[in-house]
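Here are the chains, one letter per residue:
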Amino acid sequence: MKKTFIIAGLLGLSAVTFGQQNLVTQYPEELYQYGGSGSMGGTARFQSMSGAMGALGGDLSAVSINPAGAAVFLNSEGAITAGVNMSKYDLGNHAGDKFSDSKFNLDQLGAVLVFDQLNSSNWRNVAIAMNYQNSNIVNEALKFTPNTSNVNGDRMSEYYTERSGSSSVTSIDVAANYQDKIYIGGGFKFHTFEALNFEAMRVFESAYDNSYNYIKDFTPNSRVGSGVSASVGIIGKVNQNLRLGASYQSPTWYVDNEEVLREYAMYNGSDSEGDYYYISSEQKLYLNDLTSAHKFTGSAALVLGQQGLISADYTYTDYSSAKFKPEDSFSPENQFIENAMKGTSSVKIGAEARFNDFRVRGGFRYEQSPFEETDLLGNGDKFQLFGDLTGFSLGAGYNFNNFYIDAAYSMYQRDRAYVVAGNFYDNRGSVSADEFTQEEALNALSLNAAERGFQQSLKDVKEQQGNIALTVGFRF
């Protein structure tokens, strides 16, 4: 069979019109999702207090917020946490299927070594903490029916999008305790993420009186990345009841992220039946870099003796400072980050009540969305890709001398919006070259949503994430 290449990558990596340039919203979305947005990993105690532990320390996941918290430990300690993540998506008034699924995870695994035999009356101990923590899980598959038509009378009968992946952080921190009043620490975090995306569409085309299945250009695609960041922090005991903390986490520098995708194109072939056009694809590999957002956290905690405690964290994350590289390849995405993403504030509040060796905990959190309301499609329809996040948590724990067990349930919810646009290809179809010109063949075998009237947003999708966690720990 003779094959001749006709058209490949008609719009490059295009999905949405923004500022007269081609923008792929997948990249800013992944920056947000895999950068710790809505993170539900960590020890069960940390999760049950909604992560509001920056001024408390003494917990392996609290060290991820403020590395100075490692010096609060009185003894060396190890812990492991298993969890079950539950994802649920409700399309609201849109015609389509609800999605729900659950996955088992290793939420946390770590240990801290405390060295208190120091030749100093002022420096009470030095601690080294090593901890692995699941920072986020993405698990969504949506199928809906827009039931819209373009000027040719073609009707989109079904749209499908699937996204899955996870991110994690492995940290190494060193901290010191000065006179049981001031705790300082710093360390490095090693980040990893993996992401999978797929989009498809079924369309009834009136010109051919038939329904066609299309796969979006450059999908399925997968991205795997790793990076490093640094953090420093301090905790001060104002008195026996009040503790204050502050910490800074640098941007994460991701280098040589590997991206594998399918690129579709139209070809000309010939056989015993004659000449014809058809769609085929080939796998492409790219390497790119990312500098993510940096974070500032301020914390306060009120310790009520042996009765319990109340704590709160405020975090500012500057998403507008993030950048994809090489910059000439990601100019639309970087423009979008600069113009349509912003710094965000999040507030977390947690509490713990103690009844001898038994603990009861709860928490609440609120996180602003970094996405401005934006007219991504150029049709005056403004919306946010992600809305503000609200969540709550609860849990309990029990100490058995040097052994302890904690349980937690946490959840959050937020609104989502999805963009339907881009190039889609029928990779199973073919048409006769005798009956179709090259342009007609391309129209029959591909669908450019941006040009043919299918630019659309799916708004007000309700996302809900829940997590059940169990931690087993021991002191030595």
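Residues numbered from 1 in each chain as written. Predicted model: local features only at pLDDT ≥ 70, side-chain atom pairs only at ≥ 80, totals over all residues. Heavy atoms only, no water.

What follows concerns the layout of surface pockets. If you add up the space inside the largest pocket, you get close to 1,000 Å³. Lining the largest pocket are 33 residues, with R45, G58, L74, R354 and R475 sitting closest to its centre. Of all the elements in the fold, those that place two or more residues in the lining of the largest pocket are β4 (77-90), β18 (343-355), β19 (358-367), β20 (389-400), β21 (403-420) and β25 (456-475). Take the lining of the largest pocket: its biggest share by element is three residues, from β20. Of the residues in the lining of the largest pocket, the class split is eleven nonpolar, eleven polar and eleven charged. (1 Å grid on protein atoms, 1.4 Å probe; cavity = no way out; pocket = protein on both sides within 12 Å on 5 of 7 lines; lining within 4 Å. Points joined across faces, edges and corners; volume = space filled by probe spheres on them. Helix = DSSP H or I, 4+ residues; strand = E, 2+ residues; numbered from the N terminus. Nonpolar A, V, L, I, M, F, W, Y, C, P; charged D, E, K, R; others polar.)

For the rest of this paragraph, the subject is a negative patch on the surface. On the surface, D271, E273, D275, D434 and E435 cluster together into a patch of negative charge. Take D271: it is sitting in strand β13 (residues 253-271). (Patch = residues over 30% accessible without salt bridge, like charges linked within 9 Å, V, L, I, M, F, W, Y side chains within 5 Å. Areas by Shrake-Rupley, 256 points an atom, 1.4 Å probe, with all protein chains shown as cover. Salt bridge = Lys/Arg side-chain N within 4 Å of Asp/Glu carboxyl O. Lys, Arg positive; Asp, Glu negative; His and termini not counted. Charge placed at Lys NZ, Arg CZ, Asp CG, Glu CD.)

On the secondary structure map, S231 appears in strand β11 (residues 221-237). Relative accessible area serves as the criterion here: at 4%, S231 is assigned to the buried category. Not counting the four nearest positions on each side in its chain, S231 is found in contact with P67, D173, G185, G186, G187, K189, Y248 and Q249. (Buried < 20%, exposed > 50% of the residue type's maximum accessible area, 1.4 Å probe, protein only. Contact = heavy atoms within 4.5 Å.)

A word on the pairing of β13. Bridge count for β11 against β13 is six bridges, and the pairing is antiparallel. Its bridge partner being in β13, G227 is matched across the sheet by Y254. Where β13 meets strand β14 (residues 274-291), 17 bridges bridge the pair, whose relative direction is antiparallel. Residue pairing in the sheet places W253 in a bridge with T291 of β14. (Pairing = 2+ DSSP bridges.)

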